[in-house]
Structure formats: C-alpha cells, structure tokens
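Descriptive analysis of the structure
Chain residues, written in single-letter form:
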Amino acid sequence: MDTMDTDAGHLQQQLGYFSTYSFESIRRHAVDVTLDPDTAHPWLILSDDKKQMYRTDIYQDLPDNPERFTYYLVVLGKEGFSSGRFYYEVQVEKKTRWTIGVVRESVNRKDWIMLSPDDGYWTVILYDGVYKAATVPPVNLPLREKPKKVGVFVDYEEGQVSFFNVEARCLIYSFTGCIFKDKLYPYFNPYHNEGGKNSAPLVICPVNITD
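Attention in this report is confined to the structure presented alongside it. If you're wondering where the values come from, they're calculated on a predicted model, not measured in any experiment. Numbering of residues starts from 1 in each chain and follows the order in which that chain's sequence is written. With pLDDT at 70 or above as the cut-off, local features in this predicted model cover only qualifying residues; side-chain atom pairs require 80 or more to be listed or tallied, and sums for whole chains, interfaces and linings still use all residues. No hydrogens and no water enter the side-chain calculation; it runs on all heavy atoms of the structure.

1. What about the overall build of the protein?
Under the scheme used here, helices are H or I runs from DSSP no shorter than 4 residues and strands are E runs no shorter than 2 residues, and both carry numbers assigned from the N terminus. Check the secondary structure of the protein and you find 2 helices and 13 strands. Considering only residue pairs separated by 6 or more positions, the protein has 67% of its internal contacts joining residues 24 or more positions apart. Working definition of accessibility: Shrake-Rupley area with a 1.4 Å probe, residue cover restricted to the visible protein chains. Of the accessible surface of the protein, which amounts to about 10500 Å², a share of 50% is contributed by carbon and sulfur atoms. Whether two residues touch is decided by their heavy atoms; if any such pair falls within 4.5 Å, the residues are in contact.

2. Let's talk about the sheet that holds strand β3 (residues 75-76)
Across a sheet, strands are paired by hydrogen bonds formed along the backbone, either parallel or antiparallel in direction. Two strands are counted as paired when DSSP detects at least two bridges linking them. With respect to topology, 6 strands assemble into an open sheet ordered β3-β12-β5-β6-β7-β8, the strand pairing being antiparallel. Either end of the sheet is taken by a strand with one partner, and the two such strands are β3 and β8 (139-140). Pairing of strand β5 (residues 97-104) with strand β12 (residues 184-189), which is carried by 6 bridges, proceeds in the antiparallel orientation. Residue pairing for β12: R104 is matched across the bridge by L184.

3. Focus: the nonpolar core
Within this scheme, the nonpolar core is defined by two criteria: the residues are buried Ala, Val, Leu, Ile, Met, Phe, Trp, Tyr or Cys, and they are joined through side-chain atoms within 4.5 Å. Only protein chains enter the accessibility calculation, which uses a 1.4 Å probe; a residue whose area is less than 20% of its type maximum is buried, one above 50% is exposed, and one in between is partly exposed. Judged by nonpolar contacts, the single largest core of 38 residues is most densely connected at W98, V102 and F188. Counting 13 residues, the second largest nonpolar core, distinct from the first, contains F69, I125, A134 and Y187.

4. Side note on the pairing of β5
With 7 of its 8 residues buried, β5 lies for the most part within the structure. Judged from the 7 bridges that link them, β5 and strand β6 (residues 121-127) form a sheet pairing that is antiparallel. Counterpart to T99 in the pairing with β6 is I125.

5. Examining the pattern of salt bridges
The rule for a salt bridge is simple: a side-chain nitrogen of Lys or Arg has to be within 4 Å of a carboxyl oxygen of Asp or Glu. This structure, assessed with the given rule, holds 9 salt bridges. Salt-bridge contacts for E89 lead to R27; the nearest nitrogen and oxygen are separated by 2.8 Å. A residue pair is termed long-range when its members are at least 10 positions apart, and E89 in strand β4 (residues 85-91) and R27 in helix α2 (residues 23-27) qualify at 62 residues. By relative accessible area, E89 is classed as buried at 0%. You can call R27 buried: its relative accessible area is 3%. Residues R97 and D128 are paired through a salt bridge, measuring 2.7 Å at the closest nitrogen-oxygen approach. Of this pair, R97 sits in strand β5 while D128 sits in the loop between β6 and β7 (130-133); the two residues are 31 residues apart in sequence, bridging distant segments of the chain.

6. Notes on the side chain of R109
With respect to the secondary-structure elements, R109 resides in the loop between β5 and β6. The charge count treats Lys and Arg as positive and Asp and Glu as negative. His and the chain ends do not count. For the buried R109, no salt bridge is present, and the opposite-charge side chain at shortest range is E105, 5.7 Å distant. The definition of a polar contact used here is a pair of N or O atoms within 3.5 Å, where within protein one atom must be able to donate a hydrogen and the other to accept one, and adjacent residues in sequence count solely through side-chain atom pairs. In terms of polar contacts, R109 uses its side chain to reach the backbone carbonyl oxygen of E67, at 2.8 Å. Of the polar contacts made by the side chain of R109, one reaches the backbone oxygen of E105; its length is 3.0 Å. For R109, the contacting residues outside a window of four places in its chain are T39, P66, E67, R68, F69, T70, Y71 and L76.

7. Description of the side chain of D36
In this fold, D36 is placed in the loop between α2 and β1 (44-46). Among the polar contacts listed, one links the side chain of D36 to the backbone nitrogen of D38, at a separation of 3.0 Å. Aside from chain neighbours lying at most four places away, what touches D36 is L46, V75, L76, G77 and K78.

8. What about the sheet that holds β4?
On the basis of which strands lie adjacent, the open sheet formed by 7 strands has the order β1-β2-β13-β4-β9-β10-β11 and antiparallel pairing. What marks the edges here is a single partner per strand, and that holds for β1 and β11 (170-175). Taking each pair of neighbouring strands and ignoring which way they run, the sheet shows an average axis angle of 20 degrees. The sheet contact formed by strand β2 (residues 52-55) and strand β13 (residues 202-205) spans 2 bridges and is antiparallel. Across the sheet, the residue bridging to Q52 is V203, located in β13. Structural elements are reduced to axes, namely lines fitted to C-alpha atoms, with helices fitted over the stretch in contact, and the angle between N-to-C directions of any two is expressed from 0 to 180 degrees.

As structure tokens, then:
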C-alpha cells in the first residue's frame, strides 16, 4: 500500500466521529474571531477590522512583548477558548502557502519549533500545492478539491480539532484524542509573498449557517 492509500484510509476512519454531527450543526458553533495585534509578527499587516493579514515589505518597529511571534509569520486570534466547541472559517483562495489551526497559549513564540500537537500546534498546511497535517511525521492530505475556504472546528472536551473544505462540505483532516489543558487560540500564518504568487491575504470570514 502506498503513502497516499494509507493517508486516504486514515482520513476515512476519522469520519466516524462526525456520524452524529452534520456540517450545518458544526457551523452553528461559529465564533467571531478577530486578530490580536499584540501577537502579530512585525512583517505582518492586519486590516483595520482585524479580519485580514498579509506579509508586508516593510519591517515594523513593534514592541517585543512576550505575546508576539518573532520567528514565524504568525498572528493569533484575540480570544482564547478553554471549554466547549467553537468554529471559524478562513478564506485561503489565491494563496500558494498558508498554515491555519489552533495553538495552546503557552507555545514558544520566539524560536524555531516543529509544528506538532506535542508542541501545542494543531494545524494544516498548504505549501506549494501540497496539503499536509502538521503531525510527526506530517500526513499528506490527498484532497480531491482545492479549498477556497477552510473551516476549523474544535471540541475541547472531546479533544478534537477538525478542518473542512467549506464549499465541498467535506472533512479535510481531524486530530483526535487530543488532551487540552491550556487555552486554545486560532492560529494564522500567511507566509511570505513569494514574488507576488502568495500575496493574497488570509481572511477570517463571517459564517452564514444558511449557506
């Protein structure tokens, strides 16, 4: 069995958790996520409404407070969650690289780390056309359709972090059996512009459950 067959089988097994959930019911847990400028890397520009982020060409002279990411091009959502279920959606259209998901409050914000649940990161990555779940080792995600909008759903008590292709109404990947102790924060990395190929912003979208 090749790697893609193994990955596809792993994804199929995850669907069992959602047998009692519809995608519409998951979207009813939508929360209003805004970006926290105190966490934003100095190369990132945030929109006035704190819903969009992109990499600027001008390094900003910002205070190196403990909350700020200074190694990776990262910004977090302003509100953290320590119980219950929550869901949000991110427009990723026209981008060639991104990482989104959730992280625990206590993650290392100043140095190189390996994105993994063991280090407090539950994320999915697009990198030059390849989608991966940030596990160790990473899991390739053989997606049939390229998502324009990704939904992120967390069930804190059940230890689940799941990602969806919003338009296709299908599961991309689910981290299961997680043990959460800290607050969890929405996580966004729009990556470098790559000569204009990846200059589109990541956009936090309003969730319309009637869509």
